[in-house]
Amino acid sequence: MAEITGDQRVQSEVLEGLATAVNHRRWFIELAVPYLGDDPIEIGSGLGDYALEWSERLPRFTATEADPDRLVQLKERLAARPNIDVRQMLLPHEDGGDYSAAVSYNVLEHIEDHVGALRSMRDLVRPGGAVIIIVPAFQFAMGPADIATGHVRRYTKKTLQAAMTEAGLTVEKIHYANALGLIGYFMATKVFRLMPKEGPMVKVYDTVVLPATKAAEQLVRPPFGQSVFAVARVPS
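Residues numbered from 1 in each chain as written. Predicted model: local features only at pLDDT ≥ 70, side-chain atom pairs only at ≥ 80, totals over all residues. Heavy atoms only, no water.

**What to know about the overall build of the chain**
Inclusion rule: Segments assigned H or I by DSSP are reported as helices when at least four residues long, segments assigned E as strands when at least two residues long, and all are numbered from the N terminus. Radius of gyration here uses only the C-alpha atoms, and the compact-globule reference equals 2.2 Å multiplied by the residue count raised to the power 0.38. Only protein chains enter the calculation, and the probe is 1.4 Å; a residue is then buried if its accessible area is under 20% of its type maximum, exposed if over 50%, and partly exposed in between. We get accessible surface area from the Shrake-Rupley algorithm with a probe of 1.4 Å; when it comes to residues, only the shown protein chains can shield them.
For the chain, the count of helices and strands is 9 helices and 7 strands. In terms of overall size, the chain behaves like a compact globule, its C-alpha atoms giving a radius of gyration of 17 Å where 236 residues would be expected to give roughly 18 Å. Referenced to the eigenvectors of the C-alpha coordinate spread, the extents of the chain come out at roughly 45 × 35 × 35 Å. The proportion of buried residues among the 236 residues of the chain is 53%. When the accessible area of the chain is evaluated, it comes to approximately 10900 Å², of which 57% is carbon and sulfur surface.

**Some points on the sheet that holds strand β2 (residues 61–65)**
As a reminder of what qualifies: One requirement defines pairing of two strands: DSSP has to find at least two bridges between them. The contact criterion used is simple: two residues touch if any of their non-hydrogen atoms lie within 4.5 Å. The angle between two axes is taken between their N-to-C directions and runs from 0 to 180 degrees, where each axis is a line fitted to C-alpha atoms and a helix contributes only its stretch in contact.
Strands sit in the order β3-β2-β1-β4-β5-β7-β6 across an open sheet of 7 strands; the sheet is mixed. Two strands bound the open sheet, and with one partner strand each, they are β3 (84–88) and β6 (170–177). Its contacts with the sheet place helix α4 (residues 68–78) against β2 and β3, and it is angled at close to 170° to β3.

**What to know about the nonpolar core**
For clarity, the threshold we go by: The set of buried Ala, Val, Leu, Ile, Met, Phe, Trp, Tyr and Cys residues whose side-chain atoms join them within 4.5 Å is what this entry labels a nonpolar core.
Counting residues in each nonpolar core, the largest one holds 34 residues, and the members touching the most others are Leu 108, Leu 118, Met 121, Val 131, Ile 133, Leu 160 and Met 164. For this core, the secondary-structure elements that each account for two or more residues are β4 (99–105), α5 (114–124), β5 (125–136), α7 (157–166), β6 and β7 (227–233). No other element matches α5, which puts 5 residues into this core. Once residues lying within four places of it in the same chain are set aside, the contact partners of Ile 133 are Ser 104, Tyr 105, Leu 108, Leu 118, Met 121, Leu 160, Met 164, Val 228, Phe 229 and Ala 230.

**Brief notes about helix α8 (residues 179–191)**
In an α-helix, one full turn covers 3.6 residues, which means residues spaced three or four apart are oriented alike. Our working rule: How far a helix is expected to stretch is found by multiplying one less than its residue total by 1.5 Å.
Compared with the 18 Å implied by 1.5 Å per residue over 13 residues, the 18 Å span of α8 between its first and last C-alpha is a close match. For α8, the full list of buried residues reads Ala 179, Gly 181, Leu 182, Tyr 185, Ala 188 and Thr 189. Contacts made by the buried residues of α8 are with α6 (144–148), β6 and α9 (200–219). Phi for Arg 193, located one or two positions after α8, is positive at around 55°.

**Regarding the pairing of β7**
The buried fraction of β7 is high, at 6 of 7 residues. As paired strands, β5 and β7 are joined by 7 bridges and run antiparallel to one another. Its bridge partner lying in β7, Ile 132 is registered against Val 231. With 7 bridges joining them, β6 and β7 adopt antiparallel strand pairing. Bridge pairing in β7 places Ile 174 opposite Ala 230.

Printed below as a string of structure tokens:
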């Protein structure tokens, strides 16, 4: 069984801080919606911010978490949503499933055997369903914040597509997202060695910079970004 990497306390602090970036979250929620189907599973739901918003649009949703302490918090937070199932899950594993899609945001970079993890996601999804991934981009941006939160790697479009293909998935869409976010992240975390936590910098970025970035990237896909977004299909 794989191990949970990184400082769980630091991870939780970062999740709590990023939960205040409402516009960023809604942008990434919208990216996945067309591919979720009617009964998706999220791998690595954290504190449940994405699960709460996705579940409002769907008849059924499954949220998962590997860390036992965060799992307790997740169950408590989602208890009032009868259409959400919550379960513990650590990848890779050998379980199968019949979900309409598997969605995993900022999780794959924590897992040493990322191809095995993608195979596990593939096996959870019915043929023709989607595996939807967001991961941090570009190894040059790997810094103290990545290491503290347990990142094993960062990705390019090429390396993520290669991993998904090796896992037996057919890549349908892949692109960078949040170009200005990469510059800001690099300066904040690698130059000034700050953690991406709640504060005035996150608020200004989320309310002023991000809406303009999103609007521009809806017109033209950038050649780089803070994240790589990918959708792949489970073969029939």
